[in-house]
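# Structural features, examined
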Amino acid sequence: MSARDRILAAIRAARPAPLPPAEAIAAEAAALLDAPESVRPWPVEAVLAAEFVRKASALGTSFDHLPDRAAIPLAVKRYLDTHGLPPALALQPAPALAALDWTDIDTHDAVAPDQTAALGLALWGIAETGSLVIHSGADAPILLSFLPLHHIVVLEERSLLPHLEDYAAAMQGAAQPRNAILITGPSGTTDIEGSYVRGAHGPGFLHVLMIGG
Amino acid sequence: MNAPQQGFKERADAELKNAVLKIAIDRTTGNAERKRAVAVAAFPEFQAARARGRAIKDHVIAHLDHYLEMFERNATAAGAQVHWAADDAEARAIITRICLEADAKLVTRAKSMLGEEIGLPHALADAGIERVETDLAEHIIQLAGERPSHIVWPAMHRTREQVAILFKEAHHPPPAADDPATMVQSARRELRAKFLGADVGISGANFLVADTGATCTVTNEGNAELTTTPPRIHIVTAGIEKLVPSTAHAFALLRLLVRSATGGEMTQYTTFHCGPKRPGDADGPEEMHIVLVDNGRTRMLADEFRPMLRCIRCGACMNHCVVYRQIGGHAYGGTYPGPMGAVLTPVLDGLAQSRDLPHACTMNGRCAEVCPVEIPLPTLLRAWRTRSWRERLEPRSVRAALGLWAMAARRPWLYRLGSRIGVRALRLFGRRGWIGSLPLAGGWTAYRDLPRPSGRTFMEQYRAGQAGRAGQTGREARK
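Residues numbered from 1 in each chain as written. Chains lettered and ligands numbered in written order. Predicted model: local features only at pLDDT ≥ 70, side-chain atom pairs only at ≥ 80, totals over all residues. Heavy atoms only, no water.

This next bit is on the overall build of chain B. Scanning chain B from terminus to terminus reveals 24 helices and 13 strands. Dimensions of chain B, computed from C-alpha atoms along their principal axes, come out at roughly 100 × 50 × 45 Å. For chain B, the proportion of its 479 residues judged to be buried stands at 56%. Summarising the internal contacts of chain B: among those between residues at least 6 apart in sequence, 73% fall at separations of at least 24. Here chain B holds 64 positive side-chain charges and 50 negative ones, and the gap between their average locations is 14 Å. (Helix = DSSP H or I, 4+ residues; strand = E, 2+ residues; numbered from the N terminus. Buried < 20%, exposed > 50% of the residue type's maximum accessible area, 1.4 Å probe, protein only. Contact = heavy atoms within 4.5 Å. Lys, Arg positive; Asp, Glu negative; His and termini not counted. Charge placed at Lys NZ, Arg CZ, Asp CG, Glu CD.)

Right, dumping it as structure tokens:
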């Protein structure tokens, strides 16, 4: 008997009654998600953007509010200058970013192991936790969000969701990407004597360019 | 793969004398305790969320075969290869075979307690494969040649100065200073080439999502994604109890896990890994293997330790445990320390090897109070004590003492006589209200003081009180 069969047989032997039909199990599982407002932090729908900024700022994320996408290159230049960084940027190979005017910044697709700064797009923001959501894909390399020291992310204000469950609902029926990542603040560690240090392996700086309002 | 438990008392004794360890434990667990309390206070729905979390875990445990098959189906459809291991040896064999068939020279690993449980570090070394731990704390203990002493902060027993000595020897160039920030930078520099040069990346899973076939990791450092993205092969090791029906159920448990573990609301990186690189994907592994490990879990399903399968490995029970905070994690001798470890280690290593662990508990109940999925840890520890008695694993001195006590307890006159003598004799050892040392009980009084008893037993005082009250009532009636 294979390990699989032995494990499943042991599980069935431990259950006094036969397994209910799949629909009954699914109904029970769905009921465990009922009345979500009773088991999560206060509703935040009224002030999504303010709540997102408050949550993410508390974790060390910085913000710049822009009227539209055309303002992105200038905002990136401003950020690089403020931090005394060279005008070079790994750019997520997404058409929406490539279409912008990058005359003042040296942009490239490849992410170097010691990349200083990179710019990418977030699909959603979650106000409850101040999280950005990214998915892997043909125009979305995962390492772009992890190798650089400064991670700059574009987030459309209209893509804000109130709660974690709203992201799960938005994904209902959609194809699950290889990686779906919720990024909540810059990388950090408390592994040495509990002292908090930023930039453990991932980015030490997370900067959000919030578009629209 | 756990160390023998024979020497628990000796190990605990040695750790109690280690003053540096005590400071290190207090810093980390004290901090964790405070931050958890703040996070729970800021979440008024916490108790309701906790009951819901428990219900989700119980639902999965009751339908485990259903969810395992659903997960297998969906993970396979996403292109992952699902393997099943009945015990630690099978799990080690599967992982070693995958690495050897891939001709892997270098393996990076993102912290997983299950990997420790199945003895993965040794298995890779035996196969001649270089293993690099990428979690900062795991990196520290790998350099020190140690095992984790906490399930969330594996290197919490090491001070900054001790870490600096390890890094100066191992890092090229060595860190320029021994403050935490400089040392974290040094590890970042040192490990970067390893991340990008690895042939295989191994991670654990905090959740296995049945309806998508995804595995979920949570980290604050970002090392999991750097471990699982660049290599050609990604291997996940996970216990079969890690299943959740859907992503939304995982979120419900995450709210509890993060607050209970670190006092945060969300880990920095919460990642769902679903299958290998898709056609056209910019990066990602060519192969994804998921090893589902039983290793005693189906046995727990059938006995009184079933509620332990709810455990989401947050570490709150050890952070709040008076015993753990005195002796630290290594004294426990197994993979999992603290209250949850004292319940799990006898499952993994056998009770005969670990009967001391369920006894090393004051039954103060704090672990059960803070457990985010309401595991009745003291009840489970008591169940191990009962089983140890029934299986005649208790030493002769314990059996004799308990036999004597049981004999007296069945004869109230003898019990009262014994306690009358006892409380009067104990008073002879008291100094300023406390008893600091007792003959034959040096092991107990070396680390604790006993309040000096009043000199009369409870029953004597109760009787006196009753008599006094009767007299008073009588006098009032005569007035």
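Okay, the layout of surface pockets next. Residue and element names in this part refer to chain B. Each pocket or cavity is described by its volume, and for the second largest pocket that value is around 960 Å³. Lining the second largest pocket are 27 residues, and of these Lys9, Ala360, Gly443, Trp444 and Arg448 lie nearest its centre. Elements represented by at least two residues in the lining of the second largest pocket include exactly helix H1 (8-16), helix H15 (324-327), helix H18 (356-359), helix H21 (396-409) and helix H23 (442-445). It is H1 that provides the largest number of residues to the lining of the second largest pocket, a total of 5 residues. Class assignment of the residues belonging to the lining of the second largest pocket gives a composition of 15 nonpolar, 6 polar and 6 charged. In this structure, the lining of the second largest pocket is formed jointly by two domains, domain 1 (8-299) and domain 2 (397-478), each of which donates at least three residues. (1 Å grid on protein atoms, 1.4 Å probe; cavity = no way out; pocket = protein on both sides within 12 Å on 5 of 7 lines; lining within 4 Å. Points joined across faces, edges and corners; volume = space filled by probe spheres on them. Nonpolar A, V, L, I, M, F, W, Y, C, P; charged D, E, K, R; others polar. Domains from an automatic or database assignment.)

Let us now look at the sheet that holds strand S11 (residues 430-431) of chain B. The strands making up a sheet associate through hydrogen bonds between their backbones, and the pairing can be parallel or antiparallel. All names here are of chain B. Here 3 strands make up an open sheet; going across it, the order is S11-S12-S13 and the pairing antiparallel. Across the chains shown, the open sheet's two edge strands, defined by having one partner strand only, are S11 and strand S13 (450-451). Examined bridge by bridge, strand S12 (residues 434-435) and S13 share 2 bridges and lie antiparallel to one another. If you follow Ile435 over to S13, its bridge partner there is Leu450. (Pairing = 2+ DSSP bridges.)

According to UniProt, the "domain: LUD" (unreviewed entry) feature falls on residues 116-210 of chain A. With 8% helix and 39% strand, residues 116-210 of chain A has end C-alpha atoms that lie 21 Å from one another. (UniProt positions renumbered as here; feature names shortened; annotations may be inferred.)

For the rest of this paragraph, the subject is empty space enclosed by the protein. All names here are of chain B. Per the stated rule, a full pass over the model turns up 6 cavities of 30 Å³ or more. The space that makes up the largest cavity amounts to roughly 150 Å³. The wall of the largest cavity is formed by 20 residues, among which Cys321, Pro339, Cys361, Thr362 and Cys367 lie closest to the centre. Among the elements of the structure, helix H16 (338-349), helix H19 (366-370) and helix H20 (377-390) are those that each provide at least two residues to the lining of the largest cavity.

Bringing the packing of helix H6 (residues 164-171) of chain A against helix H12 (residues 247-261) of chain B into the picture now. The N-to-C vectors of H6(A) and H12(B) enclose an angle of 165°; their axes lie 9 Å apart at closest approach. By the angle between their directions, the pair H6(A) and H12(B) is classed as roughly antiparallel. The interaxial crossing formed by H6(A) with H12(B) has right-handed handedness. Facing Leu164(A), Glu165(A), Tyr167(A) and Ala168(A) of H6(A), the residues of H12(B) in contact are Thr247(B), Ala248(B), Phe251(B) and Arg255(B). (Axes fitted to C-alpha atoms, helices over the stretch in contact; angles between N-to-C directions. Parallel < 35°, antiparallel > 145°, perpendicular 65-115°, else oblique. Left-handed = near helix turned anticlockwise from the far one by under 90°.)

Here we come to the UniProt feature "domain: Lactate utilization protein B C-terminal" (unreviewed entry) in chain B. UniProt's entry tags residues 397-462 of chain B with the feature "domain: Lactate utilization protein B C-terminal" (unreviewed entry), counted in the numbering of this structure. For the annotated span residues 397-462 of chain B, helix accounts for 58% and strand for 9% of the residues, and the straight-line distance between the end C-alpha atoms is 33 Å.

Moving on: the interface of chain B and chain A. Counting residues at the interface gives 92 residues for chain B, matched by 76 residues for chain A. Summed over both partners, the interface of chain B with chain A comes to about 7000 Å²; 59% of that surface belongs to carbon and sulfur atoms. Together, Arg52(B), Arg188(B) and Arg255(B) form the three largest contributors to the area buried by chain B at its contact with chain A, with a combined 10%. At the junction of chain B with chain A, the criterion picks out 11 salt bridges. With its nearest N and O atoms 2.8 Å apart, the salt bridge here joins Glu265(B) to Lys55(A). Between the two partners, chain B and chain A, sit 41 residue pairs in polar contact (both at pLDDT 80 or more). Here the element with the most residues in the side of chain B that touches chain A is helix H10 (residues 180-197) of chain B; it accounts for 11 residues. Of the residues in the side of chain B that touches chain A, the class split is 43 nonpolar, 25 polar and 24 charged. (Buried area = accessible area lost by both parts, 1.4 Å probe. Salt bridge = Lys/Arg side-chain N within 4 Å of Asp/Glu carboxyl O. Polar contact = N/O pair within 3.5 Å; in protein donor to acceptor, adjacent residues only side chain to side chain.)

By the element assignment, Gly185(A) lies in the loop between strand S9 (179-183) and strand S10 (188-189). Among the residues examined, Gly185(A) registers a relative accessible area of 2% and is labelled buried. Taking C-alpha positions, Gly185(A) is 18 Å from Ser159(A), a pair spaced 26 residues apart along the chain. Residues within four places of Gly185(A) in sequence aside, it is in contact with Leu59(A), Thr61(A), Leu206(A), Gln268(B) and Tyr269(B).

So, about the UniProt feature "domain: LUD" (unreviewed entry) in chain B. In the UniProt entry, the feature "domain: LUD" (unreviewed entry) is given for residues 68-293 of chain B. Spanning residues 68-293 of chain B, this segment combines 42% helix with 21% strand, and its end C-alpha atoms are found 11 Å apart.

This next bit is on the pairing of strand S6 (residues 131-135) of chain A. Residues and elements named next belong to chain A. Of all 5 residues in S6, 5 are buried, a share of seventy percent or more. Of the two faces of S6, the one carrying Ser131, Val133 and His135 and the one carrying Leu132 and Ile134 are both buried. In terms of strand pairing, strand S5 (residues 124-126) meets S6 through 3 bridges, oriented antiparallel. What sits directly across from Ile126, in S6, is Ser131. Here S5 hands over to S6 after 4 residues, with Gly130 in that stretch at a positive phi of 70°. Examined bridge by bridge, S6 and S9 share 4 bridges and lie antiparallel to one another. Within the sheet, the bridge partner assigned to Leu132 lies in S9 and is Ile183.

As a rule of thumb, nonpolar side chains are buried together in soluble globular proteins. Tyr167(A) and Met308(B) are the most contacted members of the largest nonpolar core, which has 111 residues in total. If we ignore the near neighbours within four places in the chain, the residues touching Tyr167(A) are Trp124(A), Ile126(A), Val133(A), His135(A), Leu161(A), Ala180(A), Leu182(A) and Phe251(B). Membership of the second largest hydrophobic core comes to 28 residues, among which are Leu147(A), Ile183(A), Val208(A) and Phe195(B). (Core = buried A, V, L, I, M, F, W, Y, C linked by side-chain atoms within 4.5 Å.)

Bringing the side chain of His66(B) into the picture now. Following the sequence through the fold, His66(B) ends up in helix H4 (residues 64-77). With residues near it in sequence (within four places) discarded, His66(B) still touches Leu19(A), Ala22(A) and Ile25(A).

For the rest of this paragraph, the subject is the packing of aromatic side chains. What characterises a pair of aromatic rings is the spacing of the ring centres plus the angle enclosed by the ring planes. Enumeration according to the criterion identifies 11 aromatic pairs over all chains in this entry. An angle of 20° between the planes, with centres 6.0 Å apart, marks the rings of Phe458(B) and Tyr462(B) as stacked. You can see Phe458(B) and its partner Tyr462(B) sitting in helix H24 (residues 458-478), 4 residues apart, about one turn around the helix. Phe458(B) gets classed as exposed once you look at its relative accessible area, which sits at 63%. Linked through ring pairs, Trp124(A), Tyr167(A), Phe251(B) and Phe272(B) together constitute an aromatic cluster. Seen from the ring of Phe205(A), Arg198(A) lies directly overhead, with NZ or CZ sitting 5.3 Å from the centre. One residue, Arg259(B), lies across the ring of Phe43(B), its end atom 4.3 Å from the ring centre. (Phe/Tyr/Trp six-rings, centres within 6.5 Å; stacked < 30°, edge-to-face > 60°. Lys NZ or Arg CZ within 6 Å of the ring centre and 35° of its normal.)

A word on unusual backbone geometry. All names here are of chain B. Of note, the bond from His172 into Pro173 is cis; its omega dihedral lies within 30 degrees of zero at -5°. The topology assignment puts Pro173 in the loop between helix H9 (160-170) and H10. Here the phi dihedral of Arg313 falls at roughly 60°; this positive angle occurs in a residue that is not glycine. Within the secondary structure, Arg313 is located in the loop between helix H13 (297-302) and helix H14 (316-319). Looking at Arg313, the relative accessible area reads 15%, which means it is buried. Unusually for a residue other than glycine, Glu374 sits at a positive phi of about 55°. Tracing the chain through its elements places Glu374 in the loop between H19 and H20. Its relative accessible area of 23% is what places Glu374 among the partly exposed residues.

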